[in-house]
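Chain and residue survey
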Amino acid sequence: MSRHPEVVWAQRSDKIFLTVELPDTKNPKVKFEPEGKFIFSATAGHDDRLYELELELFDEVNVEASNINVGSRHIFCVVQKKKKGWWKRLLKSEGKSPLFLRADWNRWVDEDEESGSSKFGNPEFGGMEDFSL
């Protein structure tokens, strides 16, 4: 019986970042299909346990422009969206996300922050040294 690996994700208007967190991966197989399917399988651990995953993404993807990087602790994918725009969620199905899927807060950017400017100005609070008591 196979298991699901942990997956974290974040998005921009033109791409999705998917990271499969699975240390010591052996024989990873990663496939994207244009209609928005993400398929993953690999073995890992000292007992070569099988991990498999198939996700139906919210919308279509550009397979040729997407990239996959296999590392020793994770598989990192940059999935190009076929149509630019923010997805309401990662998966096509509505409802609660699977337990193995969560947000990648290290890469997360809100829709209104993507351009690099924030309506609140500089979050570093620069210039505070000018205040005198």
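Note: the structure precedes this text.
The notes below deal with the structure included here. (Residues numbered from 1 in each chain as written. Predicted model: local features only at pLDDT ≥ 70, side-chain atom pairs only at ≥ 80, totals over all residues. Heavy atoms only, no water.)

**Overview of the overall build of the protein chain**
Rule in force here: A run of H or I in DSSP becomes a helix once it reaches four residues, and a run of E becomes a strand once it reaches two; helices and strands are each numbered from the N terminus. Buried residues are those whose accessible area, probed at 1.4 Å on protein chains only, stays under 20% of the maximum for their type, while exposed residues exceed 50% and partly exposed ones sit between those limits. Each accessible area value is a Shrake-Rupley result obtained with a 1.4 Å probe; residue values ignore everything except the protein chains displayed when judging cover.
In terms of helices and strands, the protein chain carries 0 helices and 8 strands. Counting from the amino terminus, the protein chain carries its helices and strands in the arrangement β-β-β-β-β-β-β-β. Per-residue burial for the protein chain yields a buried fraction of 34% across its 133 residues. Just so you have it, the protein chain exposes about 9,000 Å², and 49% of that area is on carbon and sulfur atoms.

**Some remarks on the pattern of salt bridges**
Basically, it comes down to this: The salt bridge criterion pairs a side-chain nitrogen of Lys or Arg with a carboxyl oxygen of Asp or Glu, the two atoms within 4 Å.
With the rule as written, the count across this model stands at 11 salt bridges. As a salt-bridge pair, Arg 49 and Asp 47 come within 3.4 Å of each other at their nearest N and O atoms. Owing to a relative accessible area of 42%, Asp 47 belongs among the partly exposed residues under this scheme. For Arg 107, the salt bridge identified is with Asp 104, shortest N-O distance 3.0 Å. Judged by its relative accessible area of 31%, Arg 107 falls in the partly exposed class.

**Some points on the pairing of strand E5 (residues 49-56)**
Rules: Two strands form a pair only when DSSP identifies at least two bridges running between them.
Two strands pair when backbone bridges link them, and strand E4 (residues 37-44) and E5 are joined in this way by 8 bridges, in the antiparallel orientation. Paired with Ile 39 across the bridge in E5 is Glu 54. The hairpin turn running from E4 into E5, its antiparallel successor, is 4 residues long, and Gly 45 in that turn takes a positive phi close to 90°.

**With respect to the side chain of Ser 66**
Note the following rule: In the analysis that follows, any N or O atom pair within 3.5 Å is treated as a polar contact, provided that within protein one partner can donate a hydrogen and the other can accept it, and provided that, for residues neighboring in sequence, both atoms belong to side chains. Whether two residues are in contact is decided by their heavy atoms, any of which lying within 4.5 Å being enough.
Locating Ser 66 in the fold gives a position in strand E6 (residues 61-70). Reaching out from Ser 66, the side chain makes a polar contact with the backbone oxygen of Asn 62 at a distance of 2.8 Å. Aside from chain neighbours lying at most four places away, what touches Ser 66 is Phe 32, Val 78, Val 79 and Gln 80.

**Here's the deal with the sheet that holds strand E8 (residues 101-103)**
This is how it is decided: To define axes, lines are fitted to C-alpha atoms, for helices over the stretch in contact only, and angles between the resulting N-to-C directions are given on a 0 to 180 degree scale.
Across the sheet, 5 strands lie side by side as E6-E7-E2-E1-E8; this open sheet has mixed pairing. At either end of the open sheet lies a strand with only one pairing partner, and these are E6 and E8. Direction aside, neighbouring strands of the sheet carry axes that sit 20° apart on average. Pairing analysis gives 6 bridges linking E6 to strand E7 (residues 74-81), with the strands arranged antiparallel. Counterpart to Asn 62 in the pairing with E7 is Gln 80.

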